[in-house]
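Residue-level listing of the chains:
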Amino acid sequence: MELKDAITGRRSIRKFKPDAIEKKVLTEILEDCRWTPSWGNTQPWELFVLTGPALESYRKASKEKMESGEIFSPEVPMPEEWPEHMKKRYAGLGRVVLTAQGIAREDKAARVQFYKEMHAFFGAPCLVIAAVPKDTRLEYAMLDIGLILQTLCLAAYDRGIGSCIMAVSVGYPDLLRKVLPVPADRRIIMGVALGYPDTDFPLNRFPRERAKLEDFVTWVS
Ligand SMILES: Cc1cc2nc3c(=O)[nH]c(=O)nc-3n(C[C@H](O)[C@H](O)[C@H](O)COP(=O)(O)O)c2cc1C
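Worth saying up front: this structure is predicted, and the values here are computed from it rather than measured. Within each chain, residues carry numbers counting from 1 in the order of the written sequence. Local features in this predicted model are restricted to residues of pLDDT 70 or higher, and side-chain atom pairs are both shown and tallied only at a pLDDT of 80 or more, whereas totals for entire chains, interfaces and linings draw on every residue. As a rule here, side-chain values come from all non-hydrogen atoms in the structure, and water together with hydrogens is ignored.

**Overview of the overall build of the chain**
- Numbering of helices and strands starts at the N terminus; helices are DSSP runs of H or I of at least 4 residues and strands are runs of E of at least 2. Helix and strand content of the chain: eight helices and four strands.
- Element order for the chain, N to C, with α for helix and β for strand: α-α-β-α-α-α-β-α-β-α-β-α.
- Atoms counted for the radius of gyration: C-alpha only. Globule rule: 2.2 Å times residue count to the power 0.38. Here the chain has a C-alpha radius of gyration of 18 Å; the compact-globule value for 221 residues is 17 Å, and the two agree.
- On the principal axes, the C-alpha backbone points of the chain span a range of 55 × 50 × 35 Å.
- Sequence separation of at least 24 residues holds for 86% of the intrachain contacts in the chain that already meet a minimum separation of 6.
- Using a 1.4 Å probe, accessible areas were evaluated by the Shrake-Rupley method; residue-level cover was limited to the displayed protein chains. Just so you have it, the chain exposes about 13500 Å², and 57% of that area is on carbon and sulfur atoms.
- Positive: Lys, Arg. Negative: Asp, Glu. His and the chain ends are not part of the count. A single reference atom marks each charge: NZ on Lys, CZ on Arg, CG on Asp, CD on Glu. Separation of charge centres in the chain, based on 32 positive and 30 negative side chains, amounts to 3 Å. Any two residues whose heavy atoms approach within 4.5 Å at even a single point are treated as in contact.

The following block contains the structure:
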């Protein structure tokens with residue numbers, strides 16, 4: 001696949017087929033991830049690949065926690081405030097995600113159902129969780145984690161595998177720590193759902209929006 005096609009064709013997948021990804025294919029994807037750049041080649045990331053019964057038990061527990069109304073408490077706190085122009089984009093995504101599924105704003109039951117599916121990682125047969133040692137400077141480690149997750153998503157896409165980086169998948173770290181051997185001195189940063197995309201599902205097909213170059217690039221010469 002051409003690199004440009006991978007960069008522009010990858011999109012967040014929000015419904016996966018249940019088919020497992022072969023371990024050989026996952027291993028190839030992770031081998032590609034080894035070549036991700038990092039500050040000073042520190043390679044601060046540690047990845048946990050969750051599949052099979054362990055993932056199913058976490059999926060069930062995550063959904064139940066969401067249903068019980070338990071507050072999200074990721075190990076990297078989610079920002080509560082955003083600048084106005086970013087808030088607008090976030091709200092725009094929320095609108096598109098609901099309308100693509102034909103969910104009206106006032107249809108609370110359908111919205112809750114969608115959030116339940118999100119907390120079940122959209123049915124993905126694999127969840128990759130990224131962690132870093134707690135004594136790593138978080139700002140820098142976050143850059144490196146961002147890079148390796150993009151490599152992961154592109155390497156997966158190159159093999160016909162869809163992905164969704166998911167803050168929701170690390171919102172209840174106490175549950176995650178019950179199924180994953182994440183040492184206490186590691187901070188869980190982010191998760192990525194992986195699986196074969198259900199290409200007919202409207203949420204996997206809606207047109208995505210991006211800012212124009214003039215909105216974020218300044219040329220200086
Ligand atoms: C750090 C991070 C966390 C995210 N968490 C979620 C999530 O919990 N649920 C979800 O549906 N999408 C999540 N996404 C996906 C974004 O909504 C998506 O990347 C963005 O809307 C751009 O769309 P695209 O990935 O389809 O190009 C997350 C993305 C990132 C980078």
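After that view of the structure, there is still more to cover.
**Some thoughts on the packing of helix α2 (residues 23–33) against helix α6 (residues 138–157)**
- One can describe the packing of α2 onto α6 by two numbers: an axis separation of 9 Å at closest approach and a directional angle of 140°. Between α2 and α6, the angle falls in the class oblique. At the point where α2 passes α6, the crossing takes the right-handed sense. Contacts from Ile29, Leu30, Asp32 and Cys33 in α2 reach Ile148, Thr151, Leu152, Ala155 and Ala156 in α6.
- The residue inventory of the contact of α2 with α6, partitioned by class, reads seven nonpolar, one polar and one charged. Helix axes use the C-alpha atoms of the stretch in contact, all axes being lines fitted to C-alpha atoms, and the angles between their N-to-C directions lie in the range 0 to 180 degrees. Oblique is the label for every angle not falling under 35 degrees (roughly parallel), over 145 degrees (roughly antiparallel), or within 65 to 115 degrees (roughly perpendicular). Left-handed describes a crossing in which the near helix is turned anticlockwise from the far one by less than a right angle; the clockwise case is right-handed. In this classification, the charged set is Asp, Glu, Lys and Arg, the nonpolar set is Ala, Val, Leu, Ile, Met, Phe, Trp, Tyr, Cys and Pro, and all remaining amino acids, among them Gly, are polar.

**A closer look at the pattern of salt bridges**
- A carboxyl oxygen of Asp or Glu within 4 Å of a side-chain nitrogen of Lys or Arg is what we treat as a salt bridge. For the structure on display, the rule yields 15 salt bridges.
- Of the charged contacts, one joins glutamate 46 and arginine 186 as a salt bridge, the two residues approaching to 2.8 Å between their closest N and O atoms. Of this pair, glutamate 46 sits in strand β1 (residues 46–51) while arginine 186 sits in strand β4 (residues 186–195); the two residues are 140 residues apart in sequence, bridging distant segments of the chain.
- Burial status follows relative accessibility: with a 1.4 Å probe on protein chains alone, a residue under 20% of its type maximum counts as buried, one over 50% as exposed, and anything between as partly exposed. Note on arginine 186: relative accessible area 18%, which makes it buried.
- In the salt-bridge network here, residues are joined through shared partners; they are Lys24, Glu28, Asp32 and Arg159.

**Notes on the packing of helix α3 (residues 52–67) against helix α5 (residues 108–119)**
- The interhelical angle for the contact between α3 and α5, taken along N-to-C directions, is 145°, at an axis separation of 8 Å. Helix-helix and strand crossings are classified by hand; for α3 and α5 the assignment is right-handed. Across the interface between the two elements, Arg59, Ser62, Lys63, Met66 and Glu67 from α3 touch Val112, Tyr115, Lys116 and His119 from α5.
- Classifying every residue of the contact of α3 with α5 gives three nonpolar, two polar and four charged.

**So, unusual backbone geometry**
- Positive phi, normally seen in glycine, also occurs at glutamine 43, with a value near 45°.
- Exposure remark for glutamine 43: the relative accessible area of 36% places this residue in the partly exposed category.
- Backbone geometry at phenylalanine 121 places phi at a positive 55°, although glycine is not the residue there.
- Counting through the fold element by element, phenylalanine 121 comes out in the loop between α5 and β2 (126–133).

**Some thoughts on the nonpolar core**
- Nine residue types can take part in a nonpolar core, namely buried Ala, Val, Leu, Ile, Met, Phe, Trp, Tyr and Cys, and a core is a set of them joined through side-chain atoms within 4.5 Å. Among the nonpolar cores identified, the biggest contains 32 residues, and Phe114, Leu127, Ile129, Met166 and Leu176 are the most heavily contacted of them.
- Put simply, the parts of the chain that give this core at least two residues each are β1, α3, α4 (84–100), α5, β2, β3 (162–166), α7 (173–179) and β4.
- Residue contacts for isoleucine 129: discarding those within four places in its chain leaves Glu46, Leu47, Phe48, Ser169, Val170, Leu176, Leu180, Ile188, Met190 and Gly191.

**Here we look at the sheet that holds β3**
- Strands were regarded as paired on the criterion that DSSP finds at least two bridges between them. Taken in spatial order, the four strands line up as β1-β2-β4-β3 in an open sheet, and their pairing is antiparallel. With partners counted over all chains shown, the strands left at the sheet margins are β1 and β3, one partner each. Averaged over neighbouring strand pairs, the angle between their axes works out to 25° when direction is ignored.
- Strands in contact with α2 are β1, β2 and β4; relative to β1, the strand with the most contacts, it is inclined by about 165°.
- The sheet strands contacting α6 are β1, β2, β3 and β4, and the helix crosses β4 at an angle near 15°.

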